[in-house]
Amino acid sequence: MEFKHYSVMLKETVDGLNVKENGIYVDCTLGGAGHSTEILKRLKGTGRLIGIDQDADALEAAKERLKDFDNVTYVHSNFENIKEILKNEGIEKVDGILADLGVSSYQFDTPERGFSYRFDAPLDMRMNKESEISAYEIVNEYSEDKLFKVIRDYGEEKFAKNIAKHICMRRSEAPIKTTFELNEIIKAAIPAKMREKGGHPSKRTFQAIRIECNRELEVLENTLDDMIECLNDGGRLCIITFHSLEDRAVKNNFKTNENPCICPPSFPVCTCGRKPKGKIITRKPITASEEELEENSRSQSAKLRIFEKISE
Ligand SMILES: C[S@@+](CC[C@H](N)C(=O)[O-])C[C@H]1O[C@@H](n2cnc3c(N)ncnc32)[C@H](O)[C@@H]1O
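This is a predicted model, so every value here is computed, not measured.

**Quick word on the nonpolar core**
Formed by 32 residues in total, the largest nonpolar core has its most connected members in M125, V139, L147, I163, I167, L182 and I209. Those elements giving two or more residues to this core turn out to be α6 (135-141), α7 (144-155), α8 (160-171), α9 (179-189) and α11 (203-213). Filtering out sequence-adjacent residues up to four positions away, L182 remains in contact with L123, V139, I167, I176, F206 and I209. Residues V75, F79, L101 and C230 belong to the second largest nonpolar core, which totals 29 residues.

**A closer look at the state of the cysteines**
Should the sulfur atoms of two cysteines be covalently bonded, the bond is a disulfide. This structure, assessed with the given rule, holds zero disulfides. With no disulfide of its own, C28 lies 8.8 Å from the sulfur of C230, the closest cysteine sulfur. Not engaged in a disulfide, the cysteine C238 finds its nearest cysteine sulfur in C28; these two sulfurs lie 11 Å apart.

**Some remarks on the pattern of salt bridges**
Applying the stated rule across the entire model yields 26 salt bridges. In this structure, E38 and K41 form a salt bridge, with 3.4 Å as the shortest nitrogen-oxygen distance. Of this pair, E38 and K41 both sit in helix α2 (residues 34-41), three residues apart, which is roughly one turn of the helix. A salt bridge links D55 to R113; the shortest N-O distance between them is 3.0 Å. On the criterion of sequence distance, the pair formed by D55 in the loop between β2 (48-53) and α3 (56-65) and R113 in the loop between α5 (105-109) and α6 is long-range, its members being 58 residues apart. Exposure remark for D55: the relative accessible area of 1% places this residue in the buried category. Residue classification places R113 among the buried residues on the basis of a relative accessible area of 4%. Several salt bridges converge on common partners, so that one network encompasses K11, D15, E38, K41 and R42.

**Concerning α7**
It helps to recall that an α-helix has 3.6 residues per turn; residues three or four apart then point in one direction. Here α7 contains 12 residues, and its C-alpha end-to-end distance of 15 Å stays within 8% of the 16 Å for a straight helix at 1.5 Å per residue. For α7, the complete set of buried residues consists of L147, F148, V150, I151, Y154 and G155. Contacts made by the buried residues of α7 are with α6, α8, α11, α12 (216-229) and α13 (244-258). Within two residues after α7, E156 carries a phi angle of roughly 45°, on the positive side.

**Brief notes about the site of the ligand**
In the vicinity of the ligand there are 26 residues, among which S7, H35, D53, D100 and Q107 approach most closely. Alone, the ligand offers 600 Å² of accessible surface; in the complex the protein occludes 98% of this. Its atoms largely coinciding with the cavity grid, the ligand occupies the largest cavity. Classifying every residue of the shell around the ligand by side-chain character gives nine nonpolar, 13 polar and four charged.

Definitions and limits used
- Residues numbered from 1 in each chain as written.
- Predicted model: local features only at pLDDT ≥ 70, side-chain atom pairs only at ≥ 80, totals over all residues.
- Heavy atoms only, no water.
- Core = buried A, V, L, I, M, F, W, Y, C linked by side-chain atoms within 4.5 Å.
- Buried < 20%, exposed > 50% of the residue type's maximum accessible area, 1.4 Å probe, protein only.
- Helix = DSSP H or I, 4+ residues; strand = E, 2+ residues; numbered from the N terminus.
- Contact = heavy atoms within 4.5 Å.
- Disulfide = S-S within 2.5 Å.
- Salt bridge = Lys/Arg side-chain N within 4 Å of Asp/Glu carboxyl O.
- Expected span 1.5 Å × (residues − 1).
- Near = heavy atom within 4 Å.
- Areas by Shrake-Rupley, 256 points an atom, 1.4 Å probe, with all protein chains shown as cover.
- 1 Å grid on protein atoms, 1.4 Å probe; cavity = no way out; pocket = protein on both sides within 12 Å on 5 of 7 lines; lining within 4 Å.
- Sits in = over half its atoms within 2 Å of the grid points.
- Nonpolar A, V, L, I, M, F, W, Y, C, P; charged D, E, K, R; others polar.

Dropping the structure here:
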C-alpha cells in the first residue's frame, strides 16, 4: 500500500525550524517524511537529519521516499529516547527538533493496524508493533473506572461512563476482539438522538484508546525538557499537536522553560537560581491556513508551537 499522508503546516513548521544549511536536525515523528523532505531540501554540506519513528513500516516508507538523500540516519525507536539516540550517534547537541504528533493517515488507512472504526480488524492500535499493550488489553483488561477515565479524558466523550459500563458488560460474556464489535458496543451506549451529532459515535472513544495504548501524552510530557536540553544555542523546537491536552502540555512546558524561576513574586531578586532555557516564539499557537483546511480536514485541530533555546 502506498504511504499517503498530508503533512500538516509544512511550510510554517519547517520555516519555524530556521534551518541552517550545515545544521543537524531531528524529526522525532518521521512518518511519511513530508516534513523531513522539506528540511533536507534546505540542508547542504555537513547538514544532517536524524529521523525517528516507532513504527517500522513508516520508517521503511520514509527510507524509500528519502533514498536520494545520503545524510539521513533512520532510528526505529520512541522519541522519548532522544537523549540516548543522539548519544549513540555521537551527537551532543542539534540545531532543531520537530515532532508532528499522533498517527499518520497511512496508519489510519491500513485496516489491519486496528486504528480505525471504519474497517473491521483486530483491536490493535499500536504504533510500535513490538509494544506489549495493544487496544485489546485496554478494552478487555482495564477496570471499568480506568476505562471511564481514559475515554473521558483522552476522548472528551460525554458518554464515557456508559461506554465503559457497556464494554465491561459485554466482555464479561466473551472478550471483545474487533473494531466492529467495539463500534457496536459504543453505539449501544450512546443515546440515539446524540449519535447523530459530532461525527461517528466511535470517533472519540477510539482516539482515547489509541492515546492510552501508545502513552502519547505521557511520552510528550516526559520528553519536552529533554528535547530542549538537546538543542544548541539558538536551536528551535517545533511541536504540532492535535489534542487540547497535548497542546496544554506543550504550552505549559514552554512557559516553565522560558521562566523557570520559582521565587515568590514578593522577592526583589531571584534567589532560586533557575535560569531561562530559551524563549517562546509563538505566544499563540500557529494554526492551519484556510487553503490547507480545505485540502486536509486533519489540520483542523492542529496547533504548532515553537521554542528557541538560549544559552543559560
Ligand atoms: C503525524 S505522523 C508524522 C508525519 C510526518 N511529519 C510527515 O510529514 O509525513 C506521526 C508519525 O510519528 C510516529 N510517532 C508518533 N509518536 C511517536 C513516538 N513517541 N516516537 C516515535 N515515533 C512516533 C508515528 O508512528 C507516525 O508515523
